[in-house]
Every structure is written in C-alpha cells, then in structure tokens.
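If you want the building blocks of each chain, they are given just below.
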Amino acid sequence: MEKILDIITAKMQKAFADAGYEAAFGRVTVSNRPDLCEYQCNGALAAAKQYKCAPIAIANAVAEKLEKADFSMIEAVMPGFINLKLSDTFLQNYLEGMRTTPDFGVEKFGTGKTVVVDYGGPNVAKPLHIGHLRSAIIGESIKRLFKFFGYNAIGDIHLGDWGLQMGLIISELQERQPDLVYFDKSFTGPYPEEAPFTITELEEIYPAASAKKKEDEAFAEKAHTATFELQQGRPGYRALWQHIMRLSLADMRKIYDNLNVHFEAWLGESDADPYIPAMVADMKARGIAVQSEGAWVIPVAKEDDKKEVPPCILVKSDGSAIYATTDLATMVQRMQDFKPDRMFYITDKRQSLHFEQVFRAAKKAGILPESYLVEHLGFGTMNGADGKPFKTRDGGVMRLEVLIKEMTDFVRAKVVENKIVSDDEVEATTQKIAMAALKYGDLSNQPTKDYVFDMDRFAAFEGNTGPYILYTIVRIKSILSKYGAWENLPIQVPANMYAKELMLAITKAGPALESALASAAPNLICAYIYELSGAVNKFYHETRILTEEDKDLQAGYISLIGLAKQVLETCIDILGFSAPEKM
Ligand code: ARG
C-alpha cells in the first residue's frame, strides 16, 4: 500500500501545480507539533524565495486547491506553513485497506532477493555465555525483519568448530585417557558410537586444557599438532571431533530453541575449510596476497583511511589459516551455494576492524563485487548495574542458561504471586513474559550502544518494557474473546479523539518497519510498538467498549482494536517473542 506521506505529498504537489507553482515544493512531513496538526508542508517558504512573493500568499493559494474531502483541517498559517489533519473518511479507508491487505500492505522489497545473516557464532565445546545473547537476539530479529519484507533470509550460525580449541580438547583427553582407541594410529575402526565423555565433562575439559596451554609449552605444542592433524583428516581425531560436535550442538540447540532463535544453516568454520587451499593458491597466484615476514597478507589500507587498517592476514608464518581466512573462505562458500544479494554479520563491535579488513580483502580478491552490500553490525556491551560488563556475583562470566533461568525465575515468582493464571498455565505464561522481558530489554536499545541489564526494569509490567507490550495485547485479546467473532468487522470512522489517535498510530506501522529495515534497527520497531501500545491503552481507558449499547459503534471499536492487535503481534513476532493468552 502506498504510504500516507506519499499519498498526501502527491496531493500537495498537485495543489502546488494547480496554484501555478512548481510541484516539487509540495513535500509533506509528519507534524513536529502534533498539538496543532498531524501533517505539515513547509514548501511555501522555499517557493516564496523563487517566486519572490510572501510565503503566506502561496500557502493560501495552495490550501485553496487541496481536495477538501481528504482533510478535516487545512490551515495556512504565518509565516507560510500549511497544517493538515486527515479527514475521518480518509483514515477509515486507509485503515480498512491495511486490514484487508496481507501484512498491512507493506511493500515486499526483498522479493527474489537473498540475504545471509551471520549471527550466534558460538564456539563448540565452550558453554554459551551472556556475550552470545545479543548476537542471538539482534540477529534473529534482523533476519525476521528481512523475511517479513519478502527476502529469502538465511540465518547462518557460523560455529567456531575448527580452531585450536579442538586440538586442546583432544590433547587434554589424551593425557587423561591415553588408551582410548582414538589415539591408536593402527586402529582401523569402526569407532564407538558413544562419546568417551559427557557434555558436562566436555565443558570442564576445555577450560582445563586452555589453562594448561598457558603454563605448559609442551602441551601447547601438542595441541597445535593435534589441531593440524585433525584438519589433515586423522581418522581418530575426526571421530572425536564428531563426538564433540554432536554433544555440543545438541546442547546449543536446546538453548537457542529456548530463546526462539532458529538457524536456517548450521554451518561453521569447518565447512569453510575445504575452500581454503584453492582460495589461498588463487590469491597468491594473482598477487592479491603478498608475503610479509613469512606470512601471506592482503594489504587493505586505503589512502583516505582515518585510522590505520593493517593488512588482512591470510596465512600465518607457520602455514596455518586464521579467523580471517575462514571468514573469506566462508564468503566463497556462500556466494557459491546461496548467491546472496547481501550479507550481515552480527557480533560484538570489538570485531569491527576484523570485518573491515575481511570485507576489503574480499572485494579486492573479487570474492564479492566492489559495490556489494556487506555489513558488520557491531553491538555494544551488556553491562551490570555498576556500568561494567555484566558479571556473576563472584566476578565470573555468566552462562547464558543461568541468565535465562534467573530471568525466568524472577518472572515466575511474579506470575505466581499475582495469581495471573491457573497452575497448569504458569510455566507457558512465564516463558513468554520472560522472553519478552529479555529480548525487548535488549532490542529497545540502539544496537551499537551499551546497555544495563536490569531485571527489575525489564520485567516490569509498566513502562517501556516487553511485558507492557504483551499486557496491551493480552488486554485486547481478552476484550475480543468476550465480544465474539470480530475478524470480518470493517473499520469505521473514528468515534472519538482517542480512536483517531489510535488510527493515526496504526497508519505508522509500515513506515516504522521500513525504517527499521533500512537501518537494520529493531529498536525502531520497539519505539513504534511502545507508542502504539500507549494509544491502545489510552483508547481503552477513555472508551467503554464492552458495555457500549450502540452495537454498530461497538463493532467499530472492536475492529479497530483487532487491527491494533494484529499490528502489535506482527511486530513482536519480528522481534522474536509472542504474547500469552492471559497475564
Ligand atoms: N565464533 C566467533 C567468536 O566467538 C564469532 C563468529 C562471528 N561470525 C563470523 N563470521 N566471524 O568471536
């Protein structure tokens, strides 16, 4: 559907032309004085300079020419503004159009296009910690936003499943259980089905090995060799790697499922590995990569760089591939398998230099075309109440599971205490509210900004919070279920000023979602639904809905809040959470 601003801009431009002025002056904006008008046009001020006459004279002449039926107010005011309010029938027709068109008539910009969103990025055999939360929440939401606009959006978890951590685990395991068949080079298989460790043991093995590496040089050496042999395909190590992957992925999947975060592609660094040899050989042959102190690097500095951008290291002097190598090879794989039109990477903003180097190197090497849209969305840190990166009470890094559990327990206590739902519904309701609290608490901030994790505030039922948005939806659901069948009731003209305000808020859904898409900013969706929820609640408090005796009037109320519910539910689905039936 055409956006209201575009519709009235077109009408305004026609009025300028009809009054004898250039149409281009007729640009309309949303009013910055909502107390005076809903939309405004300041074009007469600029036109006055060109036509050398008083702006108010132009404003008056243009106002004369506007179609009266579309506006309930057209006012030319000093020095030359044109202030507008939409007519009731215009709003009614527009909302009825939104109600009867799929997804409120937003333009599906992405049809036929593919986007890869690289998020999550957990490392196998290391527990997920709170550092992984933002990537999961923001990435999932951006992917859903692209999907909503018609893109084929592929979420790729890009597992860290190939580096030294694997060699460390293998070496540590060998020290603990040297007799396992995996270490016997003469063993010809098949290897046991069962892993020689549990996930809990695995999570203990890794940090132990990691600590040992720092003190014990021989052990570090051994781990490097094991990593190398694993990557060369040593069968016993491959079999162990499979065990590690299977256990670790099952565990991760549970946590991501719990967060309502889902990936279309469970690929990782190991999947990029087969692409490395040919890519590196090609870059060397074409002189894209050059030798520097025994390593192969891709110079990526540009003349106009404000800060120093060091060369992108492709192969280290010991011959091994590094993080940037895998990222480049992953791009090769993606361009071949998914042919995406653009790519997004969602990580902590401390990785921004890495991505700058990788993107430049990819373009220089021709893996991506020069004008390719590839973006790193670097997010800020989640801080504790002290303004420092969030820590557990004893100063450690908090596991993601623990954080989710703390939030869930906190919400459950409220649900139980307020006697909101029957016993058998407590758990499902709690989960939904906790997710909304956690996700909205994060997503309502501009991604690049740091924010303070404040459980009390995030879980509050009032204020700019996820639960407040859910509460608004639940309130509408409860009215609708008491009313009965509502889905086919048409939108009516606004019955009072609160209805009109609610209608105006609803018309902003498409523009808000479009802005969020354009700047990959879910926080704009949060800001929008907070405003819309405010309009719903105001309308609810000022209007007797269920007790209204005029049935026709009542049907209009109902269809209006029904539409508001659909907009709100669509938006929270994009943010990655959903509303319970009661709360
Ligand atoms: N595993 C990485 C880390 O823990 C994040 C991966 C992000 N994605 C990427 N394509 N580099 O830092």
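Everything below is about the structure printed above this text.
Residues numbered from 1 in each chain as written. Predicted model: local features only at pLDDT ≥ 70, side-chain atom pairs only at ≥ 80, totals over all residues. Heavy atoms only, no water.

1. Quick word on the overall build of the protein chain
Then comes step 1: Each helix and strand in the protein chain was counted, giving 21 helices and 13 strands.
Then comes step 2: With the principal axes as the frame, the protein chain shows a C-alpha extent of 90 × 65 × 45 Å.
Then comes step 3: When burial is assessed residue by residue, the protein chain has 51% of its 583 residues classed as buried.
Then comes step 4: A fraction of 73% describes how many contacts in the protein chain between residues 6 or more apart in sequence connect residues 24 or more apart.
Then comes step 5: Separation between the mean location of the 65 positive side-chain charges and that of the 79 negative ones in the protein chain comes to 3 Å. (Helix = DSSP H or I, 4+ residues; strand = E, 2+ residues; numbered from the N terminus. Buried < 20%, exposed > 50% of the residue type's maximum accessible area, 1.4 Å probe, protein only. Contact = heavy atoms within 4.5 Å. Lys, Arg positive; Asp, Glu negative; His and termini not counted. Charge placed at Lys NZ, Arg CZ, Asp CG, Glu CD.)

2. Notes on the packing of aromatic side chains
Then comes step 1: Applying the stated criterion across every chain yields a total of 24 aromatic pairs.
Then comes step 2: Judged by centre distance (5.7 Å) and plane angle (35°), the ring pair of phenylalanine 109 and phenylalanine 149 falls under tilted. Of this pair, phenylalanine 109 sits in the loop between helix 4 (88-100) and strand 5 (114-118) while phenylalanine 149 is found in the loop between helix 5 (133-148) and strand 6 (152-156), placing the two residues 40 residues apart along the sequence.
Then comes step 3: Three or more aromatic residues joined by ring pairs make a cluster, and in this case those are Phe16, Tyr21, Phe25 and Tyr51.
Then comes step 4: For the cation-ring pair, arginine 253 lies above tryptophan 266, with the distance from its terminal atom to the ring centre recorded as 4.1 Å. (Phe/Tyr/Trp six-rings, centres within 6.5 Å; stacked < 30°, edge-to-face > 60°. Lys NZ or Arg CZ within 6 Å of the ring centre and 35° of its normal.)

3. Observations regarding the packing of helix 1 (residues 4-18) against helix 3 (residues 55-65)
Packed helices, taken two at a time, are described by their axes: the angle between them and the distance between them.
Then comes step 1: Orientation of helix 1 relative to helix 3, taken along the N-to-C sense of each, is 115°, at an axis distance of 8 Å. The orientation of helix 1 with respect to helix 3, classified from their angle, is roughly perpendicular. Where helix 1 crosses over helix 3, the two elements pack in a sense that is right-handed. Residues Met12, Ala15, Phe16 and Asp18 of helix 1 touch helix 3, and the partners they reach there are Ile58, Val62 and Lys65. (Axes fitted to C-alpha atoms, helices over the stretch in contact; angles between N-to-C directions. Parallel < 35°, antiparallel > 145°, perpendicular 65-115°, else oblique. Left-handed = near helix turned anticlockwise from the far one by under 90°.)

4. Overview of unusual backbone geometry
Then comes step 1: Here the residue pair methionine 78 and proline 79 is connected by a cis peptide bond, since its omega of -5° sits within 30 degrees of zero.
Then comes step 2: Within the element layout of this structure, proline 79 appears in the loop between strand 3 (71-77) and strand 4 (81-86).
Then comes step 3: Phi at lysine 419 takes a positive value of approximately 45°, unusual for a residue other than glycine.
Then comes step 4: Note that lysine 419 resides in the loop between helix 14 (400-417) and helix 15 (426-443).
Then comes step 5: Lysine 419 gets classed as exposed once you look at its relative accessible area, which sits at 70%.
Then comes step 6: Despite not being glycine, alanine 520 shows a phi value in the positive range, around 45°.

5. Brief notes about the packing of helix 15 against helix 17 (residues 466-483)
Then comes step 1: Here helix 15 crosses helix 17 at 130°, and the two axes come no closer than 7 Å. Comparing their axes, helix 17 and helix 15 come out oblique. Of the residues in helix 17, those in contact with Lys432, Ile433, Ala436, Ala437 and Tyr440 of helix 15 are Gly466, Pro467, Ile469 and Leu470.
Then comes step 2: The class makeup of the residues in the contact of helix 15 with helix 17 is seven nonpolar, one polar and one charged. (Nonpolar A, V, L, I, M, F, W, Y, C, P; charged D, E, K, R; others polar.)

6. Here's the deal with the nonpolar core
In a soluble, globular protein the nonpolar side chains are often hidden away together inside.
Then comes step 1: The biggest cluster of nonpolar side chains holds 159 residues, and the ones touching the most others in it are Phe16, Leu403, Leu502 and Ile506.
Then comes step 2: With 13 residues, the top contributor of residues to this core is helix 21 (residues 551-575).
Then comes step 3: Beyond its immediate stretch of four places on either side in the chain, leucine 502 contacts Leu532, Ala535, Val536, Phe539, Leu560, Ile561 and Ala564.
Then comes step 4: Listed in part, the 33 residues of the second largest apolar core include Met279, Val300, Cys312 and Val315. (Core = buried A, V, L, I, M, F, W, Y, C linked by side-chain atoms within 4.5 Å.)

7. Topic: the sheet that holds strand 4
Then comes step 1: Judged by pairing direction, the sheet is antiparallel, and its four strands sit side by side in the order 1-2-4-3 without closing on themselves. In this open sheet, the two strands that pair with only one neighbour each are strand 1 (28-30) and strand 3. Averaged over all neighbouring strand pairs, the angle between strand axes comes to 25°, with direction disregarded. (Pairing = 2+ DSSP bridges.)

8. Points about the sheet that holds strand 5
Then comes step 1: Pairing is parallel in the open sheet, where four strands are placed in the order 6-5-10-11. The open sheet has two edge strands, strand 6 and strand 11 (373-379), and neither has a second partner. Going from strand to strand, the sheet's axes swing by 15° on average, the running direction of each strand aside.
Then comes step 2: Bridging between strand 5 and strand 6 involves five bridges; their strand directions are parallel. Residue pairing across strands places valine 117 opposite glycine 155, the latter belonging to strand 6.
Then comes step 3: Here helix 5 sits on the sheet in contact with strand 5, strand 6, strand 10 (342-348) and strand 11, set at roughly 160° to strand 10.
Then comes step 4: Contacts between helix 12 (residues 323-337) and the sheet are confined to strand 5, strand 6, strand 10 and strand 11, with strand 10 contributing the most and set at about 145° to the helix.

These values are about where atoms sit, not about what they do.
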